[in-house]
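Listed below are the residues making up each chain.
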Amino acid sequence: MASQTRQETYHQQLVRIATVVGAYWVVSISMVFLNSFLLSSKSVKLDAPLFITFFQCVIGSLCLFLLSKLGSKVSFLDEFPAYSISVELMLKLLPLSMVFVAMIALNNLCLKYLGVAFYNVGRSLTTIFNVMFSFIILRQSTSARAIGCCGVIICGFLLGVNQEDQGKKATTAAVPDSRWQLFLGIIFGVSASATVSLNAIFTKKYLPIVDSNLWRLQIYNNLNACVLFIPLMLFFGELPIVFNYPGITSHFFWGMMVFSGVLGMAIAYVTGLQIKTTSPLTHNVSGTAKACFQTVLAVFFNSEFKSVLWWLSNVMVMAGSGLYTFVRQSEMRAAHDRTAADEISKASATSTGENGGSKV
C-alpha cells in the first residue's frame, strides 16, 4: 500500500513537472510569435516598437495590481505582495529600471528586424557578456572549460550571421532593404544580449532593497518603465505615428496588444514556477530545447529554406549554451562540496583540540 502511494506521488510529480514545462513552452513561444506579429506583420503595419513595448509594460503593471489583490484570496497566488508604492524606492531602483527598459526595447527591436527564426542566434551572446561583465564588474574568473563553451557560441553566432547574410543576398532584388534590416537586427541583438546580462547583475544588486521579493521588484520595474518610455517615444517621434495609425480603432489590434501584455506577465510567472518545480539547470535545458523547437516552427510556418550551415550555426549556439550551463552548474556544485568538506574538517579539528585540552 505504501509503495502504491509513493508510486502515485511520483506520477503526480511527473505530471506536475510536465504541466509546468509545457506551460512555459506554450507561453514563451506564443509571446515571441505574437510580438513578432505586432512588430513586423504586414497586416499590422505599425512602425512604433517603443509604443508597443510601453503598452505591454502598462498591461503588466495592471496585471500585477490585480494579482496582488487576489493574492490574499487565492492560495496559489499568495506569493504576490501587497501593492504599495514608494516614490523613494522608485528612485532608488531607477538605474535597474533603465537597464530593464533598454533590455525589453532592444529585444523587441531585434525580433522586429530578425524575425523568429534567427532571433535566438541574433541574441545568443548573452552568455559571452555574462562572462565579460562577471570579470569586469564582479571580478569573478571563468574556467577554461566554460570559456571553451563560449567559443562554440561565438563561432555559431558568426556562422549564423554569415549564412543569414548569404540568404539575404539572394533576396535583395525582391526585398531591397533585407541586408540593412539584418545589420540593424544584429546590432540590436548584440545590444540586447549585453543588457540581458547587465539586468541579471543589477537585479542581484538591487533585489535586497525590496526585501529580495522578485514580484515587488517587478512592480517597481514596470512602473518606472511606463514613465521612462514616454520621453523615448517623444524623442523618436512615435506618438504621431500611433495617433495617425489607421487601425487605432481596431478591436482586434487592441485585443492582440492586451494579450501580448498578459503573456509578458505570464512568462515571468511560469519561468519562476519552472525553476521552482524543477531546477535552474533543468530550466536552462528546457529553454534551449524550446528555442530549438521555436526555430523549427518559425522556418516551417514561414516556408523558408535554410542551408545546412545555417542549421549548424543554430545547433552550435544551442549546444554551446547548454554545455556552458552544465559546466557552470558542475563547478558550482564542486565548489559547494569543497566548502562543506572544509567546514566539516575545521569543525572536526576544533572538536579534537577541545577534547585534547580537556584531558590535559
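Residues numbered from 1 in each chain as written. Predicted model: local features only at pLDDT ≥ 70, side-chain atom pairs only at ≥ 80, totals over all residues. Heavy atoms only, no water.

Visitor: Summarise the overall build of the protein chain; cite the residues concerned and give the values.
Guide: A count of helices and strands for the protein chain gives 12 helices and 0 strands. In sequence order, the protein chain lays out its α and β elements as α-α-α-α-α-α-α-α-α-α-α-α. For the protein chain, the spread of C-alpha atoms along the principal axes amounts to about 90 × 55 × 50 Å. In the protein chain, buried positions account for 42% of the 360 residues. Across the protein chain, contacts joining residues at least 24 apart in sequence account for 82% of those joining residues at least 6 apart. For the protein chain, the exposed area adds up to about 19500 Å²; of that, 68% sits on carbon and sulfur atoms. Across the protein chain, 25 positive and 16 negative side-chain charges occur, with their mean positions spaced 2 Å apart. (Helix = DSSP H or I, 4+ residues; strand = E, 2+ residues; numbered from the N terminus. Buried < 20%, exposed > 50% of the residue type's maximum accessible area, 1.4 Å probe, protein only. Contact = heavy atoms within 4.5 Å. Areas by Shrake-Rupley, 256 points an atom, 1.4 Å probe, with all protein chains shown as cover. Lys, Arg positive; Asp, Glu negative; His and termini not counted. Charge placed at Lys NZ, Arg CZ, Asp CG, Glu CD.)

Visitor: So what about helix H4 (residues 94–122)? Which residues, and what values?
Guide: Residues lying three or four places apart along an α-helix face the same way, a consequence of the helix completing one turn every 3.6 residues. Taking 1.5 Å per residue, 29 residues should reach 42 Å; H4 reaches only 28 Å between its end C-alpha atoms and comes up short. Along H4, the sharpest change in direction is near 120° and occurs at Gly 115. Summarising burial for H4: 24 of the 29 residues are buried, a large majority. (Expected span 1.5 Å × (residues − 1). Bend = angle between axes of the 7 residues up to and from the residue.)

Visitor: Explain the packing of aromatic side chains to me, using residue names and the numbers behind them.
Guide: Under the counting rule described, the total for this entry stands at 18 aromatic pairs. Taken together, a centroid distance of 6.3 Å and an interplanar angle of 85° make the contact between Phe 51 and Trp 254 edge-to-face. Taken as a pair, Phe 51 in helix H2 (residues 49–71) and Trp 254 in helix H10 (residues 251–277) lie far apart in primary sequence, 203 residues in all. For Phe 51, a relative accessible area of 9% corresponds to the buried category. The class for Trp 254 is partly exposed, based on a relative accessible area of 26%. Relative to Trp 254, the ring of Phe 253 has its centre 5.1 Å away and its plane inclined at 70°; by these criteria the two rings are edge-to-face. One aromatic cluster is present, formed by Phe 51, Phe 54, Phe 55, Tyr 245, Phe 253 and Trp 254 through successive ring pairs. (Phe/Tyr/Trp six-rings, centres within 6.5 Å; stacked < 30°, edge-to-face > 60°.)

Visitor: Tell me about the nonpolar core, and name the residues and values.
Guide: Counting residues in each nonpolar core, the largest one holds 74 residues, and the members touching the most others are Leu 46, Phe 51, Phe 118, Phe 229, Phe 253, Met 257 and Met 265. Here this core takes 15 residues from H4, the largest share from any one element. Excluding residues within four positions of it along the chain, Leu 46 makes contact with Leu 38, Leu 39, Phe 51, Ile 52, Ile 241, Val 242, Tyr 245 and Phe 253. Of all hydrophobic cores here, the second largest spans 9 residues; its members include Met 90, Leu 96, Tyr 206 and Leu 217. (Core = buried A, V, L, I, M, F, W, Y, C linked by side-chain atoms within 4.5 Å.)

Visitor: Before we move on, can you summarise the environment of Gly 151 with the specific residues and values?
Guide: The topology assignment puts Gly 151 in helix H6 (residues 144–170). Residue class for Gly 151 comes out partly exposed when judged on its relative accessible area of 28%. Spatially, the C-alpha atoms of Gly 151 and Val 317 are 9.7 Å apart, while their sequence positions differ by 166 residues.

Visitor: Talk me through helix H8 (residues 214–235); I want residue IDs and the actual numbers.
Guide: Between its first and last C-alpha atoms H8 spans 31 Å; for 22 residues at 1.5 Å apiece the expected length is 32 Å, and the two agree. Within H8, burial applies to Trp 215, Leu 217, Gln 218, Ile 219, Tyr 220, Asn 221, Asn 222, Asn 224, Ala 225, Cys 226, Phe 229 and Met 233. Here the buried face of H8 lies against H2, helix H3 (87–92), H4, helix H7 (178–206), helix H9 (238–243) and H10. At the N-terminal boundary of H8, the capping side chain belongs to Asn 213, with an oxygen 3.0 Å from the backbone nitrogen of Trp 215. Phi turns positive, to about 70°, at Gly 237, one or two residues after H8. (Polar contact = N/O pair within 3.5 Å; in protein donor to acceptor, adjacent residues only side chain to side chain.)

Visitor: Which residues make up the pattern of salt bridges, and what values do they have?
Guide: Any two side chains of opposite charge can pair, given that their charged atoms come close. Within the structure shown, the criterion is met by 6 salt bridges. Glu 88 is paired through a salt bridge with Lys 92; the nearest N and O atoms lie 3.6 Å apart. In this pair, Glu 88 and Lys 92 are both assigned in helix H3, 4 residues apart and thus about one turn of the helix distant. Among the residues examined, Glu 88 registers a relative accessible area of 52% and is labelled exposed. With relative accessibility at 42%, the residue Lys 92 sits in the partly exposed group. Ionic pairing is found between Arg 328 and Glu 331, a salt bridge with its closest N-O pair at 3.2 Å. In this pair, Arg 328 and Glu 331 are both assigned in helix H12 (residues 308–359), 3 residues apart and thus about one turn of the helix distant. Using a relative accessible area of 25% as the deciding quantity, one classes Arg 328 as partly exposed. (Salt bridge = Lys/Arg side-chain N within 4 Å of Asp/Glu carboxyl O.)

Visitor: So, the state of the cysteines: which residues are in play, and what are the values?
Guide: Taken as a whole and assessed by the stated rule, the structure comprises 0 disulfides. Just so you know, Cys 110 is unpaired, no disulfide at all, and the nearest cysteine sulfur is the one on Cys 57, 17 Å from it. Here Cys 226 is not disulfide-linked; the sulfur of Cys 57 is the nearest cysteine sulfur, at 5.5 Å. (Disulfide = S-S within 2.5 Å.)

Visitor: I'd love a proper account of the confidence of the model for the protein chain, names of residues and values included.
Guide: When the pLDDT values of the protein chain are averaged, the result is 84; 90% of them are 70 or greater. Of all helices and strands in the protein chain, the one with the weakest mean pLDDT is H12 (78), whereas H9 scores best (93). (pLDDT = per-residue confidence, 0-100.)

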